[in-house]
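# Examination of the molecular architecture
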Amino acid sequence: MASRPDLCASADGLVFRVATAADAPQLASWNRELIEDEGNDNAMSLDQLVARMRAWLTTEYQALVFDELATPAPAPVAYALFRHEPEWVHLRQFFVVRDRRRRGIGARAVALLRDTVFPPGVPVIVEAMAWNHAALSFWRAVGFTDRYVGLESDRAASAQRSSRSMSP
């Protein structure tokens, strides 16, 4: 695993710090908003999201909280949750608070991740729901390109097919 990033770095008035388990409730709350915004069918409760975030932060994932210094007082405006794999970085969650979007914060945060956190030359993998056009546009605008399409079958349809194939 790569070393943890510095506690703070800046790019155009944006700074970050490494999140800890104490940040899990805030990160989980933002994760709930991310789930809503992307139209994901994840039905986990906030308590479940907090528990999952704590587990991730104490095992394989790192999270950074981004603060914008240009506000009257530094305020948290985004977070990134990622893990280092041998061949790439998996950026699992990336979120900018709703009332601070479309102001360049996301692009600046991605640039900061690329420039100071992620190893140079290592691919970064992100995923977005196929119907989340805002996310797809954002990722393409900051330099990501389409690489693959993930497909999923409807669970009810899969169960019906399985029971039919097992009938005599």
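In this report, we go over the structure that sits alongside the text. The numbers attached to residues start from 1 for each chain and follow its sequence in the written order. Reporting of local features is limited, given that this is a predicted model, to residues whose pLDDT is at least 70; pairs of side-chain atoms are given and counted only at 80 or more, and all residues count toward the totals for whole chains, interfaces and linings. The basis for every side-chain value is the complete set of heavy atoms in the structure, and neither hydrogens nor water enter the calculation.

### Concerning the pairing of strand β2 (residues 14–18)
Exposed residues in this analysis have more than 50% of their type's maximum accessible area, buried residues have under 20%, and partly exposed residues fall in between, with area computed by a 1.4 Å probe over protein chains only. Numbered from the N terminus, helices here are DSSP runs of H or I no shorter than four residues, and strands are runs of E no shorter than two. Here β2 lies mainly inside the structure; 4 of its 5 residues are buried. Any two strands with at least two DSSP-identified bridges between them are counted as paired. The pairing of β2 with strand β3 (residues 62–68) spans 5 bridges and is antiparallel. The residue of β3 that forms the bridge with Val15 is Asp67.

### Structural notes on the nonpolar core
To form a nonpolar core, buried Ala, Val, Leu, Ile, Met, Phe, Trp, Tyr and Cys residues must be joined to one another through side-chain atoms within 4.5 Å. Within the largest apolar cluster, 45 residues are counted, with the highest numbers of intra-cluster contacts made by Leu27, Phe66, Phe82, Phe94, Leu113 and Trp139. When contributions to this core are tallied by element, the ones reaching two or more residues are β2, α1 (24–38), α2 (46–58), β3, β4 (75–84), β5 (89–96), α3 (105–117) and α4 (133–141). It only takes one pair of heavy atoms within 4.5 Å for two residues to be counted as in contact. Aside from chain neighbours lying at most four places away, what touches Phe66 is Leu14, Val15, Phe16, Ala75, Pro76, Val77, Ala78, Tyr79, Ala80, Ala109, Leu112 and Leu113.

### Description of the side chain of Asp23
Along the polypeptide, Asp23 turns up in the loop between β2 and α1. Using a relative accessible area of 13% as the deciding quantity, one classes Asp23 as buried. Within polar-contact distance, the side chain of Asp23 engages the backbone nitrogen of Thr20 at 2.8 Å. Ignoring sequence-local partners within four residues, the contact set of Asp23 consists of Arg17 and Val18. Two N or O atoms count as a polar contact when they lie within 3.5 Å, although within protein this holds only if one can serve as hydrogen donor and the other as acceptor, and sequence-adjacent residues are included solely when both atoms are side-chain atoms.

### Focus on the pattern of salt bridges
Within this document, salt bridges are pairs made up of a side-chain nitrogen of Lys or Arg and a carboxyl oxygen of Asp or Glu, the two lying within 4 Å of each other. Tallying each qualifying case throughout the model produces 10 salt bridges. For Asp37, the salt bridge goes to Arg98, with nearest N and O atoms at 2.7 Å. Separated by 61 residues along the polypeptide, Asp37 in helix α1 and Arg98 in the loop between β5 and α3 bring together distant segments of the chain. When the shortest N-O distance is used, the salt bridge between Arg108 and Glu68 registers 3.4 Å. In this pair, Arg108 sits in helix α3 while Glu68 sits in strand β3, placing the two residues 40 residues apart along the sequence.

### Notes on the packing of α1 against α2
Packing of α1 against α2 leaves a shortest axis separation of 8 Å and a crossing angle of 120°. Along this stretch, α1 crosses α2, giving a crossing that reads as right-handed. Across from Ala24, Pro25, Leu27, Ala28, Ser29, Asn31, Arg32 and Ile35 in α1, the residues of α2 making contact are Leu46, Leu49, Val50, Arg52, Met53, Arg54 and Leu57. Put simply, Ala, Val, Leu, Ile, Met, Phe, Trp, Tyr, Cys and Pro go in the nonpolar bin, Asp, Glu, Lys and Arg in the charged bin, and everything else, Gly too, in the polar bin. By residue class, the composition of the contact of α1 with α2 is 10 nonpolar, 2 polar and 3 charged. Helix axes use the C-alpha atoms of the stretch in contact, all axes being lines fitted to C-alpha atoms, and the angles between their N-to-C directions lie in the range 0 to 180 degrees. Helix crossings fall into two classes, left-handed where the near helix is turned counterclockwise from the far one by less than a right angle and right-handed where it is turned clockwise.

### Overview of the packing of aromatic side chains
To pair, rings of Phe, Tyr and Trp, with the six-membered ring standing in for Trp, must have centres within 6.5 Å; the planes then decide the type, stacked if under 30 degrees apart, edge-to-face if over 60, and tilted in the middle. Taken as a whole, this structure holds 10 aromatic pairs when the rule is applied. Ring centres 4.9 Å apart and planes at 75° place the aromatic pair Phe138 and Trp139 in the edge-to-face group. Take Trp139: its relative accessible area is 11%, and that puts it in the buried class. Centre to centre, the rings of Trp139 and Phe144 are 5.0 Å apart; their planes meet at 75°, and the pair counts as edge-to-face. According to the relative accessible area criterion, Phe144 is buried, its value standing at 14%. An aromatic cluster of three or more residues is present, and its members are Phe94, Phe138, Trp139 and Phe144.

Without other data, these values stay purely geometric and don't point to any function.
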